[in-house]
Amino acid sequence: MSIILKNRTVEHRSLPQNEAAKSSSTPFTFVIGADTQLGINSRNKEWQTEIEYSKQAVKHINALKPKPAFVTMCGDLVDMEAEMFIGVGDYKTREQCNEVQNQQWDDYNKVWSKINSDIPVLCLCGNHDVGNKPTPESIDRFKSKFGDVYFAFWYKGCYFINLNTNIHNDQRFCPELFEEQNDWLEGRLKYARQQPSTRRVFLFGHHPWFLFHENEELSELTGRNYFPSNDGGFIPDAYFSISRTNRQRVMQMCKKYSVDACFAGHFHQNWIGETTWGMPMITTGAICNWLLQSTAKDMTVAGNETAAGGIRVVTINDTLPRGFSHCYECVVPPPVKKAPLTPPVNTSVSAAEQQQTNPGKAQAKSPLKSPKKVGRKVKASSAPTRVSARVRSLTPK
């Protein structure tokens, strides 16, 4: 079940924060999920579609053996966010948008409360939760439902640090929170590496810190991510990375304190990057099944395929080469690919720039259908059961 996070740590019977949690060599697993994004496939006209996908993910996780220690959901729990959707369709006011977002968050919690009670679900905020330009007010709205937006905890000798990367993406309206979180992060990393029995240190957030390498500039990222609807609309790669200026201090800390890996969502596709000193940046595909494929992505890299919405299972085992491994597992039916429009739509740079500023307004509807069979592991596979698609309209009047 999703738990309310407070005191910058986790309080759950399955994750006791005592001295024993800091020392162990026992193997274990945990799950990374991202972008459940209730409402995305209909532009928030309904979200039963994404509820059914989340139900499939919950069912899959509950059946995992060994049982995972926890689930970290790397943001974009829902799609509605006022700054993105005011003026889109029937949504005319901030109050209407906030009402829908609250209902989506509540429905998210209802679905994910069906996870085995021994498996805590830890929720991070994404840009669709707090905005592309987060404010103290938008962050407080998320905190009222889920608690702290950054926190850390121990489990069997590993230290897990969870961040609000939205303020690294754009801190102009909350510069104090940006500095506060950076200082807290350095303190936590220093503390973790001072413990003699620390096995691994991991960072989690919504945004990947980078796509190709830690020194990339956004201007270098020329790839395009065409909408699943194949209507010619696209989102540029630069929308999904964090600027070098805002990334730099965190990358310096990751190198100084030997962070073992960073995990993220946001990109709606699997993407495995690595720093020059060997730290993996592991991005996980979207549970909501609104999937993208960058034109710049190297499909020869193992793990870069994203056949359908799914989760990532991470195994901690000291006998493995890095001390851990990870595998993406499809949990929902692969989306039906639509043929591109004929003649092709002219997608100008200005359209990309508009999409980067406000993807909610440019996003096209992508109806999805469901083929047969359920969940298989992906290093290269597809999956799962037929999903019923009841439609419930919660569009404000």
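In case you missed it, the structure is sitting above this.
All figures in this text were calculated on a predicted structure; none of them were measured in a lab. Every chain is numbered on its own, with residues counted from 1 as its sequence reads. Confidence filtering applies because this is a predicted model: local features only for residues at pLDDT of at least 70, side-chain atom pairs given and counted only at 80 or more, and all residues used for totals across whole chains, interfaces and linings. Side-chain metrics in this entry use all non-hydrogen atoms of the structure; hydrogen atoms and water are not considered.

S.K.: How should I be thinking about the overall build of the chain in this particular structure?
M.R.: Each helix is a run of DSSP H or I of at least 4 residues and each strand a run of E of at least 2, with the numbering of both proceeding from the N terminus. If you tally the helices and strands in the chain, you get ten helices and 14 strands. Per-residue accessibility, obtained with a 1.4 Å probe over protein chains only, is compared with the maximum for each type, and a residue is labelled buried under 20%, exposed over 50%, and partly exposed between these values. Looking at the chain as a whole, 59% of its 397 residues qualify as buried. For this analysis, residues touch if any pair of their heavy atoms sits within 4.5 Å. Restricting the contact set of the chain to residue pairs at least 6 apart, pairs at least 24 apart contribute 75%. Areas reported as accessible are Shrake-Rupley estimates using a 1.4 Å probe. Residue values count occlusion only from the protein chains shown. Of the roughly 16000 Å² of accessible surface on the chain, 51% is carried by carbon and sulfur atoms.

S.K.: What am I meant to see in the packing of helix α3 (residues 94–112) against helix α5 (residues 136–146) here?
M.R.: Working note: a packed helix pair is described by the angle between its axes plus the distance between those axes. The N-to-C vectors of α3 and α5 enclose an angle of 30°; their axes lie 11 Å apart at closest approach. When the axes of α3 and α5 are compared, the pair comes out roughly parallel. Taken as a pair, α3 and α5 cross one another with a handedness that is right-handed. Together, Asn98, Gln101, Asn102, Trp105, Asp106, Tyr108 and Asn109 of α3 and Arg141, Phe142, Lys145 and Phe146 of α5 make up the contact between the two elements. Residue type decides the class: Asp, Glu, Lys and Arg count as charged, Ala, Val, Leu, Ile, Met, Phe, Trp, Tyr, Cys and Pro as nonpolar, and the leftover types, Gly among them, as polar. Grouping the amino acids of the contact of α3 with α5 by side-chain chemistry returns four nonpolar, four polar and three charged. The axes are straight lines fitted to the C-alpha atoms, using for helices just the contacting stretch, and the angles between their N-to-C directions are given from 0 to 180°. Our angle categories are set so that under 35 degrees counts as roughly parallel, over 145 as roughly antiparallel, 65 to 115 as roughly perpendicular, and the remainder as oblique. Should the near helix be turned counterclockwise from the far one by less than a right angle, the crossing is left-handed, whereas a clockwise turn marks it as right-handed.

S.K.: Can you help me understand the environment of Tyr150 in this one?
M.R.: Turning to its location among the elements, Tyr150 is positioned in the loop between α5 and β4 (151–155). Considering only alpha carbons, one finds Tyr150 and Asn7, 143 residues apart in sequence, at a separation of 9.8 Å. Excluding residues within four positions of it along the chain, Tyr150 makes contact with Arg8, Asn162, Leu163, Asn164, Glu180, Gln181 and Trp184. Within the local environment of Tyr150, its side chain forms a polar contact with the side chain of Arg8, the two groups lying 3.2 Å apart. Any pair of nitrogen or oxygen atoms within 3.5 Å is treated as a polar contact; in protein, a donor-acceptor pairing is required on top of that, and neighbouring residues in sequence qualify only through side-chain atoms on both sides. A polar contact of 2.6 Å, which involves the side chain of Tyr150, links it to the side chain of Glu180.

S.K.: What's the story with the pairing of strand β5 (residues 158–162) in this structure? I'm lost.
M.R.: Looking along a regular strand, one sees side chains alternate from face to face of the sheet. Of all five residues that make up β5, five are buried, and the element is covered over most of its length. Burial of the side chains of β5 extends over both faces: Cys158, Phe160 and Asn162 are buried on one face and Tyr159 and Ile161 on the other. If DSSP finds at least two bridges between two strands, the strands pair. In the sheet, β4 pairs with β5 via five bridges, with the strands oriented antiparallel. Bridge assignment links Ala152 to a residue of β5, and that residue is Ile161. In sequence, β4 turns back onto β5 through a hairpin of two residues, with Lys156 there showing a positive phi of about 45°. Pairing analysis gives five bridges linking β5 to strand β6 (residues 200–204), with the strands arranged parallel. Bridge assignment links Asn162 to a residue of β6, and that residue is Phe204.

S.K.: Could you clarify how one ought to interpret the side chain of Asn270 in this entry?
M.R.: As for its placement among the helices and strands, Asn270 is situated in the loop between β9 (261–264) and β10 (271–274). Residue classification places Asn270 among the buried residues on the basis of a relative accessible area of 0%. Not counting residues within four places of it along the chain, the set of residues in contact with Asn270 comprises Thr283, Thr284, Gly285, Lys297, Gly303, Asn304, Glu305, Thr306, Arg312 and Tyr328.

S.K.: Sorry if this is basic, but what is going on with the sheet that holds β5 here?
M.R.: In sheet architecture, strand pairing relies on hydrogen bonds along the backbone and comes in two forms, parallel and antiparallel. Within the open sheet, the six strands sit side by side as β4-β5-β6-β9-β11-β10. Their pairing is mixed. Of all strands in the sheet, those bounded by a partner on one side alone are β4 and β10. On average, adjacent strands in this sheet sit at an angle of 20° to one another, irrespective of strand direction. Contacts from helix α7 (residues 175–194) reach β4, β5 and β6 within the one sheet, and its direction differs from that of β5 by about 175°.

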